[in-house]
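As a plain string of letters, each chain reads:
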Amino acid sequence: MFAMIRKAAESLRPHFRMEGAVGGRPFVLQEGLPTRDYIHRRELLGRCDLALPPRLADEVSVVLMNRHLKSTLEQSAYERYIDDERTLATTGLPEEMRWLSVYRELRWPQLPREFWRHWTVLADHAAHAASWVDAPLAAALMEWPRLAPDTPVVLLLLRGKVYLRVQYSPREPVLARHAGTVLQIACESGQRAWGSTRRVAAPP
């Protein structure tokens, strides 16, 4: 029995954690238990506060996810929330499903077709999306090693913070290290677009 308890405790312990800073803003990426039902086994969750001015933090909202996850969420929303008249009920939708109904899907020709085959970008304002999802960030997403097409990935810029959520197996450290690279580049892109020089002492 004690061996089972020890094994269970070991399964809860994070095996991967990365900390760093971009332009004085700390970021952290850590493995943990899934917090979304579309992620199984383990989850990599990253976060960085860009310290944007309040007006910008409220205005800038961009959601990026892989196309397989978008299809999965759309199908789930359809099955759970479509009534007999085929109208979508938005009340009570999980956050990720609300993004699909609230934000527009966007694309622009400056990014390669290969990127758009695998990734989708949702936002209110095309200029915000294009400013954040620039060539370096798109390249990092396309160069992700050992990332299966059906692995759920969500990258967000909401309320002045960058978030990254990835399904993860502890046997895939290369995937985890590249997730840290993606998070760092996403923070750098946000700082290039909107800037922040305020510093804090410790990671969030």
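Below is a short write-up of the structure. (Residues numbered from 1 in each chain as written. Predicted model: local features only at pLDDT ≥ 70, side-chain atom pairs only at ≥ 80, totals over all residues. Heavy atoms only, no water.)

Tallying secondary structure elements over the protein gives eight helices and eight strands in all. Looking at the protein as a whole, 46% of its 204 residues qualify as buried. For the protein, restricting intrachain contacts to residue pairs at least 6 apart in sequence, the fraction spanning at least 24 positions comes to 65%. As displayed, the protein has an accessible area near 11000 Å², and 54% of this comes from carbon and sulfur atoms. (Helix = DSSP H or I, 4+ residues; strand = E, 2+ residues; numbered from the N terminus. Buried < 20%, exposed > 50% of the residue type's maximum accessible area, 1.4 Å probe, protein only. Contact = heavy atoms within 4.5 Å. Areas by Shrake-Rupley, 256 points an atom, 1.4 Å probe, with all protein chains shown as cover.)

In terms of residue burial, strand β6 (residues 119-123) counts as a mostly covered element, since five of its five residues are buried. Pairing of strand β4 (residues 62-66) with β6 involves five bridges; the strand directions are antiparallel. When the bridges of β6 are listed, L64 appears paired with V121. In terms of strand pairing, strand β5 (residues 104-106) meets β6 through three bridges, oriented antiparallel. Across the sheet, R104 pairs through a bridge with A123, a residue of β6. (Pairing = 2+ DSSP bridges.)

This part covers unusual backbone geometry. For R41, which is not glycine, the phi torsion reads 65° and is therefore positive. One can find R41 in the loop between β2 (25-32) and β3 (42-49). One non-glycine residue, A51, lies in positive phi territory at about 55°. Relative to the helices and strands, A51 is located in the loop between β3 and α2 (54-59). Relative accessible area serves as the criterion here: at 11%, A51 is assigned to the buried category.

The next point concerns the sheet that holds strand β7 (residues 153-158). Pairing is antiparallel across the open sheet formed by eight strands, whose spatial order is β1-β2-β3-β8-β7-β4-β6-β5. Of all strands in the sheet, those with a lone pairing partner are β1 (17-22) and β5, marking the two edges. Within this sheet the neighbouring strands show an average axis-to-axis angle of 15°, counted without direction. Contacts from helix α8 (residues 173-194) reach β1, β2, β3, β7 and β8 (161-168), with the element oriented near 165° to β8. (Axes fitted to C-alpha atoms, helices over the stretch in contact; angles between N-to-C directions.)

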